[in-house]
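# Descriptive structure summary
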Amino acid sequence: MELRATRELRRSEQLDKILGKKEEASDTSAKARTPQPQEPADKFTLSRQALAFVDEQQRKLWDAAQERGQGQAKQNQISGMLDAMETQKNELDSMSKKLKMMNKCQKIAAAIMRGDRVPPEDLQYLMLHDKEGYKMALAMRRPKKDPKEMKSVLDEEDKNGGSTEETGDGGETPSVSAPEASSGGGGASASAE
């Protein structure tokens, strides 16, 4: 299909007439020498107004596609920001849980170092979550004549989680009671309960 503006069509018609007259004279000899290509059968002509209208429609479609693309880009940017915020929230939650766990471990270790009696589940919790702190607390323990019986620092979920971990790691429970008995402070509380 061929698209031509009206002015261009007029010019080409004038050129065709001029060339047509010249070609008619030499047509008989030229046809015998080389075959000429045929003109395409479909022709479509547009006036300036129609061409301007088509260009305007094309520009509007292009702008609409660009706006959709920008809207999609903004949507992608917002989703990325929401994902990043969700990730940061998850990190903050895990750090908060770790901080609470370390705070409980620190309280348990401080009670052990003072020479007080700590419940066996607290001792197990300290050993599972802070092995170095457990070792340090036992090494720095000060013996007391009358050790104070400490209440558990753990929440119900820590105790339940500790009992789940305790049943899963059956080999660690005897190692907890052995140091208690050797130090003299924790073994009595384990047998009392």
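Counting from 1, residues in each chain are numbered in the order their sequence is written. With pLDDT at 70 or above as the cut-off, local features in this predicted model cover only qualifying residues; side-chain atom pairs require 80 or more to be listed or tallied, and sums for whole chains, interfaces and linings still use all residues. Here the side-chain values reflect all heavy atoms present in the structure, with hydrogen atoms and water set aside.

### A look at the confidence of the model for the protein
Residue-level pLDDT values for the protein average 75, and 67% of them are 70 or greater. Least confident of the elements in the protein is helix H6 (residues 172–183), whose mean pLDDT is 40; most confident is helix H4 (residues 131–139), at 93. Low pLDDT, under 50, characterises residues 162–193; the predicted model gives this stretch 37 contacts beyond four residues in sequence or across chains. pLDDT expresses how confident the predictor is about each individual residue, on a scale running from 0 to 100. Only DSSP runs of H or I reaching four residues or more are called helices, and only runs of E reaching two or more are called strands; each is numbered from the N terminus. The contact criterion used is simple: two residues touch if any of their non-hydrogen atoms lie within 4.5 Å.

### Some remarks on the packing of helix H2 (residues 48–114) against H4
To obtain each axis, a line is fitted to C-alpha atoms, and for helices this fit is confined to the stretch in contact; angles are then taken between N-to-C directions over 0 to 180 degrees. Contact geometry for H2 and H4: axes closest at 8 Å, N-to-C directions at 20°. Comparing the axis directions of H2 and H4 gives the class roughly parallel. Where H2 crosses over H4, the handedness of that crossing is right-handed. In this structure, H2 contributes Ala109, Ile112 and Met113 to the contact, and H4 contributes Gly133, Ala137 and Leu138. Looking at the contact of H2 with H4 residue by residue, the classes come out as 5 nonpolar, 1 polar and no charged. Should an angle lie under 35 degrees it is considered roughly parallel, over 145 roughly antiparallel, and from 65 to 115 roughly perpendicular; all remaining angles are considered oblique. Left-handed is the label given to a crossing in which the near helix is rotated counterclockwise from the far helix by less than a right angle, and right-handed is the label when the rotation is clockwise. Put simply, Ala, Val, Leu, Ile, Met, Phe, Trp, Tyr, Cys and Pro go in the nonpolar bin, Asp, Glu, Lys and Arg in the charged bin, and everything else, Gly too, in the polar bin.

### Digging into H2
To estimate how far a helix should extend, the number of its residues minus one is multiplied by 1.5 Å. With 67 residues, H2 should cover 99 Å at 1.5 Å per step; its first-to-last C-alpha distance of 98 Å lies within 8% of that length. Exposure classes here rest on a 1.4 Å probe applied to the protein chains alone. A residue is buried below 20% of its type maximum, exposed above 50%, and partly exposed in between. Regarding H2, the residues found buried are Met101, Lys104, Cys105, Ile108, Ala109, Ala111 and Ile112. Just downstream of H2, Gly115 is the residue with a positive phi angle, here 95°.

### Describing the packing of H2 against helix H3 (residues 120–129)
Interhelical geometry of H2 versus H3 gives an angle of 120° and a closest axis separation of 9 Å. Between H2 and H3, the angle is such that the two are oblique. The two elements H2 and H3 cross, and the hand of that crossing is left-handed. Two secondary-structure elements touch here, H2 through Met101, Lys104, Cys105, Ile108, Ala109 and Ile112 and H3 through Asp122, Leu123, Tyr125, Leu126 and His129. In terms of residue class, the contact of H2 with H3 is made up of 8 nonpolar, 1 polar and 2 charged.

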